[in-house]
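Single-letter residue listing:
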Amino acid sequence: MNLRYRRLKGTRDILLGEVEKLRWCEERWCEVLSRYGYGEIRTPVIEPTDLFLRSVGKGTDIVDKEMYTFETKGGESLTLRPEMTASVVRAYLENGLTRQPGTMKFYYIAPMFRHDRPQAGRYRQFHQVGVEALGSDSPVLDAEVIQTAMALFEAVGAKGVMVQVNSIGCPECRPAFLEDLKVFLKDNLDVIPESMQGRIDINPLRLYDAKDDGVNQLLATFKPITESLCQGCRDHHEVVLRTLESLGVPFVNDPALVRGLDYYCRTTFEITARSGRKQSSLAGGGRYDYLVEQCGGPATAAIGFSIGVERTLLHLDDKPFDAQRSPQSPVDVYVACADAAAQEYALVQTDALRAMCRVEIDTTGRSMKAQAKSANLRQAKIMLVVGEQEMQTGVIQFKNFANGEQKQVAGESLPAAVQEVMEG
RNA sequence: GUGGCUGUAGCUCAGUCGGCAGAGCCCCUGGUUGUGGUCCAGGUGGUCGUGGGUUCGAAUCCCAUCAGCCACCCCA
């Protein structure tokens, strides 16, 4: 068909079968998250551009080339959120939650927007399920947060997921490491592809992200960041690893793991799935003890993560749902109508049924055969037939699909008759 | 931003050497003058992604272009 309108690149329509699978996952995730003490938060999808510039950070791909940014008529620069952490911190401050006692724990399942080139498990509008816990600097919380992420995968039956953990230090110990790293990288420029050389001064840690073999081998010869940590970070990291071990969370300590966002400190982690192709990185997160303060609030330690919903679903291919099932919703009672007058009569006569079950009135004017076929497709338990004769007598044809029996039921007795079948 | 693959009916796809545009499913109608899940018969539905070129003749060959998918990059 020559379509006049098409969906935008990297966006998609989610039809009934997949919606049900999504909701199945979401219900489990909400349940798990509430058991870990999280409450849902919903924030606007648009925010001031500056919120992301300053939190996620210039020099990151997200800010430099992936944000949906536009200007309003008033000249204000707005951005469709590319991630959730900055919004949650903003909301935390804006709603005066800094004075709440204890740790504030938020979760979200929400759409994000990034102008990437789409591919399997990667969209321009995609969903993340994630958490943000603000108000505690305890390494025990780090371990609990990582365990929470793993629990979310387990809840939907994701197999073969593994955590990589690292510590990238704090403003006290990281600068010295970064200086050493820069010097080291510049001494070995010939090994580093030109496309990556620009990062050395802006964000040298990101070289660890490179999948270039030469760079990887080069960095493997450099001292791991975990050996450059200050005592505080070192102790913190040790407790995180120890607690994860006690919890039985499967993890590997990976000093080459960094995160692409600027605000992280100390604990960072990533969760990957073992699978041939597809997007193997399913989730990422870490500590951000300085972000709240940087956003104008009181010094507040915090940690969070987010999971890519689409790629997690992709990884769940032994799913309990049939993606090919009918895109039409199931009903309990299907009302076949002979003509327009019968439709009008039927709508009024069956109105009371909607208090107890799902009712579809066929207003297509097709043949009775076609209408009955649809009743079957919609998995109806009962079909009512309304035509001229029924309108005159006030008695409606009532067919029970389960046993094929058909009887006549007066309009006022319909609710009782339907209820009997529904309960049987 | 770079590379690979694919575009034919609503869906899944055939289409040989360049020679009438096809199948299955879906949908509609009828068999059953008002009744499903089985069956039978018939029917609707096409800018062969788009534009150009070669040719007596192009879905098929050539060029361009657009779209989709996949991979790199990066990320979730």
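Preceding this paragraph is the structure being described.
Description of the structure in this document. Everything quoted here is computed from the prediction, not taken from an experiment.

**Remarks on a nonpolar patch on the surface**
Nonpolar side chains collect at one region of the surface, where Val 45, Ile 46 and Phe 70 lie side by side and expose about 220 Å² of accessible area between them. With respect to the element layout, Ile 46 can be found in strand S2 (residues 46–48).

**So, the nonpolar core**
Counting 46 residues, the largest nonpolar core has Leu 134 and Leu 185 as the members making the most contacts within it. When residues of this core are traced back to their parent elements, those giving at least two are helix H2 (49–55), helix H3 (61–65), helix H4 (85–94), strand S5 (104–113), strand S6 (125–134), helix H6 (174–187), helix H9 (213–220) and helix H11 (291–294). Every residue in contact with Leu 185, bar those within four places of it in the chain, is listed here: Ile 192, Ile 200, Pro 204, Leu 207, Leu 218 and Leu 219. Counting 42 residues, the second largest nonpolar core, distinct from the first, contains Leu 33, Ile 146, Leu 241 and Leu 316.

**Considering the protein's contact with RNA strand B**
By nearness alone, 54 residues border RNA strand B, and Arg 114, Arg 122, Asp 209, Lys 369 and Val 385 come closest of all. Within 4 Å of the protein, the atoms of RNA strand B are drawn from sugar and phosphate moieties in a proportion of 52%. Gln 128 is positioned such that a nitrogen or oxygen atom in its side chain is 2.9 Å from a sugar or linking oxygen of RNA strand B. One nitrogen or oxygen atom from the main chain of Phe 401 is found 3.4 Å from a base nitrogen belonging to RNA strand B. Every element with two or more residues in the surface near RNA strand B is listed here: S6, strand S10 (281–287), strand S11 (302–308), helix H14 (368–377), strand S14 (382–386), helix H15 (388–393) and strand S15 (395–400). Of all the elements, H14 adds the most residues to the surface near RNA strand B, at six residues. Among the residues forming the surface near RNA strand B, the class breakdown is 15 nonpolar, 17 polar and 22 charged.

Cut-offs applied
Residues numbered from 1 in each chain as written. Chains lettered and ligands numbered in written order. Predicted model: local features only at pLDDT ≥ 70, side-chain atom pairs only at ≥ 80, totals over all residues. Heavy atoms only, no water. Patch = residues over 30% accessible without salt bridge, like charges linked within 9 Å, V, L, I, M, F, W, Y side chains within 5 Å. Areas by Shrake-Rupley, 256 points an atom, 1.4 Å probe, with all protein chains shown as cover. Salt bridge = Lys/Arg side-chain N within 4 Å of Asp/Glu carboxyl O. Helix = DSSP H or I, 4+ residues; strand = E, 2+ residues; numbered from the N terminus. Core = buried A, V, L, I, M, F, W, Y, C linked by side-chain atoms within 4.5 Å. Buried < 20%, exposed > 50% of the residue type's maximum accessible area, 1.4 Å probe, protein only. Contact = heavy atoms within 4.5 Å. Near = heavy atom within 4 Å. Polar contact = N/O pair within 3.5 Å; in protein donor to acceptor, adjacent residues only side chain to side chain. Nonpolar A, V, L, I, M, F, W, Y, C, P; charged D, E, K, R; others polar.

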